[in-house]
Structure formats: structure tokens, C-alpha cells
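Understanding the architecture of this molecule
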Amino acid sequence: MSEYDLSKFENKIIVRNIERKDFDEIIELQKLCFPNMKPWEEDQLLSHIKLFPEGQICVEYDGIIIGSSSSLIISFDEYNEQHSWDEITDEGNITNHDPDGYNLYGMEIMVHPDYRNMKIGKRMYEARKELAEKLNLKSIIIGGRIPNYHNHSSELTPKQYVQEVIKHNIYDPILTFQLLNGFVLKRIIKKYLPEDKASLEYATLMEWSNIEYQPMSKHQFKTAYPVRVSVIQYMMKKINSFEEFAHQCEYYVDVASNYSSDFVVFPEIFTTQLLSFVDQDTPSQSVRVLTTFTEKYLEMFTHYAVRYNVNIIGGSHFVEEDGKIFNIAYLFRRDGTIEKQYKLHITPNEKQWWGISTGDGINVFDTDCGKIAILICYDMEFPELARIVTEKGANIIFTPFCTDERQGYLRVRYCAQARAVENQIYTVIAGTVGNLTHVENMDIQYAQSAIFTPSDFSFSRDGILAECTPNIEMVIVGDLDLELLKRSRKSGTVTLLRNRRDDLYELKER
């Protein structure tokens, strides 16, 4: 008897964060769940995933979204107890979302009517509780509708109705559910949601307390939160084997580890050094040969990241996928996991000589030192990308680069410095130096690798934390203080991220 294909029997339920591609489904679900109320607008949903993506949750069942939950963080004591839904959510736009707040506020939760006996709502409430615990929030607060109240309003006041529900003498689909999920009634709110005719505009203020909450003032700053970075200005010279290349890489990772670095950064396409011992006919053919080293490259840096306990930005490497060649930068975390960022903008030289394809997707990566992003060389020259990753929470942008002459290098440098100022962020550039006399189109290199800061009194005088001597193989080490960055964004001489005119312009990721 043949083995059963178990996948035919699976019905998968996935609880995940909402993405832009989900918007149409969520809006239709809302129309179905709340037919007499105004549904989300796309701009509101965009604001949700831009400002607080972790707080926007959906449940997917066999590829269909059957539930969703939206929330924001606030400090509830800053609001009137008799608040309205519009006041507490900024009319559903959550521009008042405060990452330093104490309370998770639940804006909305909904479940498809055909799936309301599958504990979908409970899954979303549990996801909210896990998020509150993860972020060390004091509590979850919700303004709960009481949709069955209109059936009893002629004989019961809102207070009496709620008391009867609590005693289980009356069933209310929302209030009963919230009580069963550990929420405690705080008070009754008047004129909470004018569109909610079933509740006659009343709501119950409910709270779930996080018993693992560790009291601390989020409005005070730590003394410092240093993240140590080692930047490798890598010498391109002839080698005779992959083992020789690996030995050089291990040397630099070891150096970074000896300095207790959190990150070590290698340059863009420095793996082209491998072509110095490979027979080549044309640059485009040699690049395809280079892609055959991908597995060795990945195994090598994964091993080094774990062995030396350092996160590695592995420069970038040409990789073949589905017949196309991409320029990909990899993040090798010291826990053994790997992420990748495709180069999004391809230079005319890369296209002409090597036939490199453009990547898609702008990523921000979680690390044990906060959120970071990687923009490869030319990508740093497009300011939209740096703004997008900053809005997604990145504190450091790493830019592996490869330039052959000074003008090209200065484009990368000046843009990296501009991005640091514009976004109040740290930028790190790492380039190649030396000559590859045996490799066509990679024969000369020019670089002065550096670490840049915002330009304000709290940082280095010229906005340069450290920089290499031009065109010499060397390493620089610098501490990037994330707490200082946080202070600067809140109370610096200028606060660029807070002073943008969102009423006049905005940046959207497609």
C-alpha cells in the first residue's frame, strides 16, 4: 500500500501580519461583518502597516482571510476616559501611534460569519496578548461594542445591560467574548462610535493586564545602547583557490570578533576575487562561473557567523536564480539564520558587461541589535529607499559598494552621508581596494570605507564616526549608540523625521 499524501488532508490556519496585498480582502470582510458601518479606506490601512505593522494581524484559512485585528500603542492616561473611537485612533489613521506608550489599544477585530465557530477571534486575542508581552506593554485596552443592547434598551440602562451580561443572564456576542478572554470592565463610554446604531453609540472600556509587565519609564533614556561595527576595506588581489579566499575572510571575521563586534561588513561583489583563478572568456560568462561558488560562500559565512559570534554582512555575491543573475547581499546572523537583499537598481555597467537583473522588495531585518537594512552601492543613491527602511524601523543602513574611480566612490559617500542626515540614521559603507589584473571589468578599485552619523551636537563633529585611509587594506571599528539616535530623533537641534509635511507629500511603497 502506497503512503498517503497527507497534504491533501491539511486545512491550514495561519495567523500573520497584514500585508498590502491583503487590503482588498480585508475591506470586503469588513463590509460583510459590519454592513451598516463605513469600511477601512486603503490610505488608513497603509498608515497602519507603515506605523505599526506588528499590530495589524489577520487569520488566513486555506489562502482566504477570515479574520483581522487592528491596534496601536498609546499611553492611555493621556486621553479622556470618555473618549471616542475617532479621538483614540486619529480617525482610524493611527498617526498618534506612540512606540514609547504603555498600552496596546485594540481598534477593531472581525471574523467572517461563516467561520465563527473555529475560535478565530480567540486566536487573534491571543496574538494581541503575545504582542503586549513581547513589547512589555502594561495592558491591552479596548472600547467594546455592545451590539445586542438595542434589543434591551427599552427596559435596561447601559449599566444594567452590562451587569446582566456579566451575570450571564444576557448574551452579548462581543462583551461576553471579551469577558471570557480575561478582560475586565472599567467603565461605560458614551458616544464612542456614532455609526454603531446597534450599541446606541455606547461601548464598554475593557482592559486586560499583562502580569509579566516590568514597570519602567519609557520616557527616560538608557545611558547608552552601543552597537559595535567592524568595516572591512578589502584588498582585491590574485588568489589561487577558494580556500585562500575563505582564509582571508575568516581572518577578518576573527579580527572583528576579537574586538567584540556585533557586525562585520564586507564590500559589494568582493567574491569576484575568485575569478582570478578561473578561466574566463567574457565577463558575462565569467559571472555565471562565479555563481557556482554560491553554496560554498553561504556555508562559509554561516559557519563563521556562528563560530565567531558576530553578525556578518557578507558583502554581495552574484547568484543565479531561474536563469537570471542577481546581485545579492546576505545577512548571516550569529544564531545561524540567513536573510538576503537583492540589489534593486542596476548600473549601466552591470547591465552591459554582466547582464545583471534587478531585484524586487525593500527589506528591513530584525537582529539582536535592533532593525537594520542593506542597500547595495547604487541603491544608496536613491533617497526613497533609505526613507522607506527608516520608516520600517531601521536604525543602521549597511552599504557594501564597489567603485573603480574616485567620482563613482564620492557618489556613494555623499549619498550615504545625506541619507544619515535626512533620516537621522547611521550609515555604513564598505568598499574594495587594490587591483584584479586578471579579471576583466574588475581590474581597478577605489574606496574609502566609513561610518557616518546624523549631523548634530551629540554625534561626531563632521558626521563621520570613523573612516579608512583611501585605497589601503584596513579595518575600522566604531560604536553606534542607538540610544543617542533615539534621543536625537526626539529632541535634536532638528527633528527631520517628525517635521515632514505629510499634509503636502508622502512616500508610498508599492
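Scope of this entry: the structure provided in the associated data block. Position labels on residues start from 1 in each chain and follow its written sequence. Per-residue local features of the predicted model are confined to residues with pLDDT of at least 70, and side-chain atom pairs are confined, for both listing and counting, to 80 or more; whole-chain, interface and lining totals are unaffected and use all residues. Excluding hydrogens and water, the side-chain values take into account all heavy atoms of the structure.

Here, any two strands with at least 2 DSSP bridges between them count as paired. Comment: elements are numbered from the N terminus, with helices defined as DSSP H or I runs of at least four residues and strands as E runs of at least two. The strand order across the open sheet formed by 6 strands is β15-β16-β17-β18-β20-β21, and the pairing between neighbours is mixed. Every other strand in the sheet has two partners, leaving β15 (365-367) and β21 (464-467) as the edge strands with one partner each. Taking each pair of neighbouring strands and ignoring which way they run, the sheet shows an average axis angle of 20°. To obtain an axis, a line is fitted to C-alpha atoms, over the contacting stretch when the element is a helix, and the angle between two such axes runs from 0 to 180 degrees between their N-to-C directions.

Moving on, we get to the side chain of Thr89. Structurally, Thr89 can be placed in helix α3 (residues 85-89). For the purposes of these results, a polar contact is taken to be a pair of N or O atoms within 3.5 Å, where, inside protein, one atom must be able to donate a hydrogen and its partner to accept one; residues adjacent in sequence count only when each atom of the pair is a side-chain atom. Separated by 2.8 Å, the side chain of Thr89 and the backbone oxygen of Trp85 make a polar contact. Every residue in contact with Thr89, bar those within four places of it in the chain, is listed here: Leu72, Ile94, Asn96 and Met107. Any two residues having at least one pair of non-hydrogen atoms within 4.5 Å are treated as being in contact.

This next bit is on the pattern of salt bridges. Salt-bridge detection follows one rule: a side-chain nitrogen of Lys or Arg within 4 Å of a carboxyl oxygen of Asp or Glu. Going through the model one piece at a time under the given rule, you end up with 29 salt bridges. Residue Glu28 pairs with Lys31 through a salt bridge whose shortest N-O separation is 3.4 Å. Of this pair, Glu28 and Lys31 both sit in helix α1 (residues 23-33), separated by 3 residues, roughly a single helical turn. Think of it in three bands: with a 1.4 Å probe and only protein chains considered, a residue is buried below 20% of the maximum accessible area for its type, exposed above 50%, and partly exposed in between. By relative accessible area, which is 46% here, Glu28 ends up partly exposed. Given the relative accessible area of 42%, Lys31 is considered partly exposed. Two residues, Arg307 and Glu250, come together in a salt bridge whose shortest N-O distance is 2.9 Å. Taken together, the positions of Arg307 in helix α9 (residues 294-307) and Glu250 in helix α7 (residues 242-258) put the pair 57 residues apart, joining distant regions of the chain. The exposed category is assigned to Arg307, whose relative accessible area is 53%. On the accessibility criterion, Glu250 (17% relative accessible area) is buried. What emerges from the salt-bridge pattern is a single network uniting Arg16, Glu19, Lys21, Asp22 and Glu60.

Our focus in this paragraph is the pairing of strand β12 (residues 324-332). Taking burial as the measure, the 9 residues of β12 include 8 buried ones, the bulk of the element. Here 2 bridges tie strand β10 (residues 311-313) to β12, and the two strands are oriented antiparallel to one another. Within the sheet, the bridge partner assigned to Ile312 lies in β12 and is Phe332. Summarising the sheet, strand β11 (residues 317-321) and β12 pair through 5 bridges and their orientation is antiparallel. When the bridges of β12 are listed, Glu320 appears paired with Ile325. Here β11 hands over to β12 after 2 residues, with Asp322 in that stretch at a positive phi of 55°. For β12 and strand β14 (residues 356-357), the ladder comprises 2 bridges, and the chain directions are parallel. Bridging from a neighbouring strand, Phe326 pairs with Ser357 of β14.

This part covers the packing of α7 against α9. Between α7 and α9, the least distance of the axes is 11 Å, while the angle of their chain directions is 25°. Considered as vectors, α7 and α9 are oriented roughly parallel to each other. Viewed along their axes, α7 and α9 form a crossing whose handedness is right-handed. Taking contact as the criterion, the partners of Phe242, Glu243, Phe245, Ala246, Cys249, Glu250 and Val253 in α7 are, on α9, Lys296, Tyr297, Met300, Phe301, Tyr304 and Arg307. In terms of residue class, the contact of α7 with α9 is built from 9 nonpolar, no polar and 4 charged. These descriptions rest on fixed angle ranges, namely under 35 degrees for roughly parallel, over 145 for roughly antiparallel, 65 to 115 for roughly perpendicular, and the rest for oblique. Handedness of a crossing follows from how the near helix is turned relative to the far one, being left-handed for an anticlockwise turn of less than a right angle and right-handed for a clockwise one. Lys, Arg, Asp and Glu make up the charged group, whereas Ala, Val, Leu, Ile, Met, Phe, Trp, Tyr, Cys and Pro make up the nonpolar group; the residues left over, Gly among them, are polar.

Turning to unusual backbone geometry, a few remarks are in order. Backbone geometry places Asn136, a non-glycine residue, at a positive phi of 50°. Considering the arrangement of structural elements, one finds Asn136 in the loop between α4 (120-134) and β5 (139-145).

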